[in-house]
Number of protein chains: 2
Amino acid sequence: MSAKIRLYVEHPLGAGQTVPLDRDQAHYLFGVMRLAAGAAVALFNGKDGEWLAEVAEAGKRGGTLVCQEQTKPLQLPPDLWLMFAPIKKARTDFIVEKAAEMGAARILPVQTEFTNSERIRQDRLQAHAVEAAEQCGGTYVPEVADLQKLPRVLDQWPAGRQLMFCDEAEVGNALQLAAQTQKDAPWAILIGPEGGFSEAERKRLHALPQSHVVSLGPRILRADTAAVAAMTLWQQALGDW
Amino acid sequence: MSAKIRLYVEHPLGAGQTVPLDRDQAHYLFGVMRLAAGAAVALFNGKDGEWLAEVAEAGKRGGTLVCQEQTKPLQLPPDLWLMFAPIKKARTDFIVEKAAEMGAARILPVQTEFTNSERIRQDRLQAHAVEAAEQCGGTYVPEVADLQKLPRVLDQWPAGRQLMFCDEAEVGNALQLAAQTQKDAPWAILIGPEGGFSEAERKRLHALPQSHVVSLGPRILRADTAAVAAMTLWQQALGDW
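Thresholds applied
Residues numbered from 1 in each chain as written. Chains lettered and ligands numbered in written order. Predicted model: local features only at pLDDT ≥ 70, side-chain atom pairs only at ≥ 80, totals over all residues. Heavy atoms only, no water. Helix = DSSP H or I, 4+ residues; strand = E, 2+ residues; numbered from the N terminus. UniProt positions renumbered as here; feature names shortened; annotations may be inferred. Pairing = 2+ DSSP bridges. Axes fitted to C-alpha atoms, helices over the stretch in contact; angles between N-to-C directions. Contact = heavy atoms within 4.5 Å. Buried area = accessible area lost by both parts, 1.4 Å probe. Salt bridge = Lys/Arg side-chain N within 4 Å of Asp/Glu carboxyl O.

So, about unusual backbone geometry. Even without being glycine, Arg 34 of chain A reaches a positive phi, approximately 60 degrees. Counting through the fold element by element, Arg 34 of chain A comes out in the loop between α1 (23-32) and β3 (40-44).

Attention now goes to the UniProt feature "domain: Ribosomal RNA small subunit methyltransferase E PUA-like" (unreviewed entry) in chain A. In this numbering, the UniProt entry assigns the feature "domain: Ribosomal RNA small subunit methyltransferase E PUA-like" (unreviewed entry) to residues 21-62 of chain A. A helix fraction of 24% and a strand fraction of 36% characterise residues 21-62 of chain A, whose end C-alpha atoms lie 5 Å from each other.

Our focus in this paragraph is the sheet that holds strand β4 (residues 50-58) of chain A. Residue and element names in this part refer to chain A. On the basis of which strands lie adjacent, the open sheet formed by five strands has the order β1-β3-β4-β5-β2 and mixed pairing. Looking along the sheet, the strands with just one partner apiece sit at the ends: β1 (6-8) and β2 (18-21). Geometrically, the sheet is characterised by an average inter-axis angle of 40 degrees between neighbouring strands, direction not taken into account. Of the pairings in the sheet, the one linking β4 to strand β5 (residues 63-72) comprises eight bridges and is antiparallel in character. Paired with Trp 51 across the bridge in β5 is Gln 70. On the sheet, helix α3 (residues 122-136) packs against β1 and β3 and is oriented at approximately 150 degrees with respect to β1.

With that out of the way, let us pick up the interface of chain A and chain B. How big an interface is tends to be stated in terms of the accessible area lost upon association of its parts. With 31 residues of chain A in contact, the opposing surface of chain B contributes 31 residues. Carbon and sulfur atoms supply 53% of the area that chain A and chain B bury against each other, a total of about 2,700 Å² over both sides. Three residues, Glu 101, Arg 219 and Trp 241 of chain A, lead the burial of chain A against chain B; their summed loss comes to 24% of the area buried on that side. Remark: the boundary between chain A and chain B carries ten salt bridges.

Put into C-alpha cells, the structure is as follows:
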C-alpha cells in the first residue's frame, strides 16, 4: 500500500491512532479525489513525522483514517525566519508557498515604509503554507505570523538571531564570512518591498549588530524571485542543502 | 528629465534617433499611462543599451519618440541557457519571467517523457520575457525557443556547453568543482518536470560528458522554485553575481 495523497491534519499521529476528518477534508478525499474505505493516505501534522493511514470510514460530512506505520520521521527545517513586505495577492501567495518549499521555519510579513498593503489574510496565507508542505513532501508547516510593522520587529529583535538583509543598493555577500562564525545560530532573511527600503530603514538595518548585507546580483529582482534566491544562498551556506 | 517607464522596442537606438511606435505601444504609453508630448521614456532593444527618449508625437494609433542620451550600456547576461519542461500555464509564465530576471541568455522549453504539455505559445512566452526585462531594468531580452524534444536537443548538444542537471534523486553539488575548470564556458541548466525524469533520460543525462549533477536540497521543489534556486547557485558560482 502506498499513498498518492498527502494530507496535513492537526490530530496526533501514531501506530493504530484514529484520525477524524472534518467536512472539508472529507469533501476533498472522498468527493474530489474519490477515495473509498481501504484507500491509503499519507498524513503529517508538523510534529509526528509522516504516517501511512488507511480510510476506515468515508462519509459526506466526515470520516476517519487509521494510522498504520510511520513513513518519514519529523524533519524540522533549520531555524530560519523569512521576513517580507507583502505585495500583490498572487505574489504574496507565491512567497509563502516558496518559503515552505525552501524550508523556512517561520514566515513573518512585515510592513515597511514603502509596503503597499496594510493588512494580510493570515488564515489564507497559512493555508497556502499547509498546501505547499503537502505538495513538497515536507513533514513540517511553517507558521505564518500576523503582519507587523518593521520598526516594532526590530525593537524586539532577539539578541542571538542573525539577519540576512538583502539590499539592492549593496554589492558583496557577507554570508560566506558569517557561515564560519554563525553556522549554528538562528537566522532570519529580510526581503524588501518592490520600492526598496527607505533611507531611514536602511540605516537602522545596517546599524543592527546581527545584520549581514547580501547582494542578489546586478538585476533588480521582484520580491518573490528575491525570496527564493536569498533562501537558496542561505540554505547553501548555512542550511540543510 | 528622468523616465519612470521602460519600453522594449525593436528599432535601432542612438543619439537623435527617431523611434516609431506601433498601435499597442501607443495605446500603452498614451492611453494607459497618459503620457503626452515631451514626456520621458526609457527605451532598450536588446542591442544598443538603454536610452532616454522624449515623446515627440502622441497619437491614438501611433507616435514617435526621439532618443536623447544613453543611460545604460548594453549588459549581456552570461551565456547561460535555461531548459525546462513546460508545466501549467501560470507556472510556465513564471519560469520565463524568472529566467529573464535572473539573467539567462536563452530559454529552451523541452519536452521530456513526463512533460504534460505538447505545445507552448512561444509568442506569449516571448512577450513575458520582454515584460520581465522591462521591469527588472535589464537591457537584454532572452530569446524563448520553440518547444523541442529533449533527446533531439541532446543529440545536437554543443561540444563546449556545460550542463547543470538538477536531479532530485541525487545529492551533492558538482558546481564548486566545475567553477574551477569551466568558469568561462557556455552553460545550460536543465530543470525536470514535476514528475521527474524517466530512468532512460537520467541515464542519458548522466552519460553526457558535459553534465554536472546538482542537488537542490532535501525537499521536493516545484519546477518554478527549482528554476530560481538553480539559477541562483549557478550565478553565484559561475555567473555575474
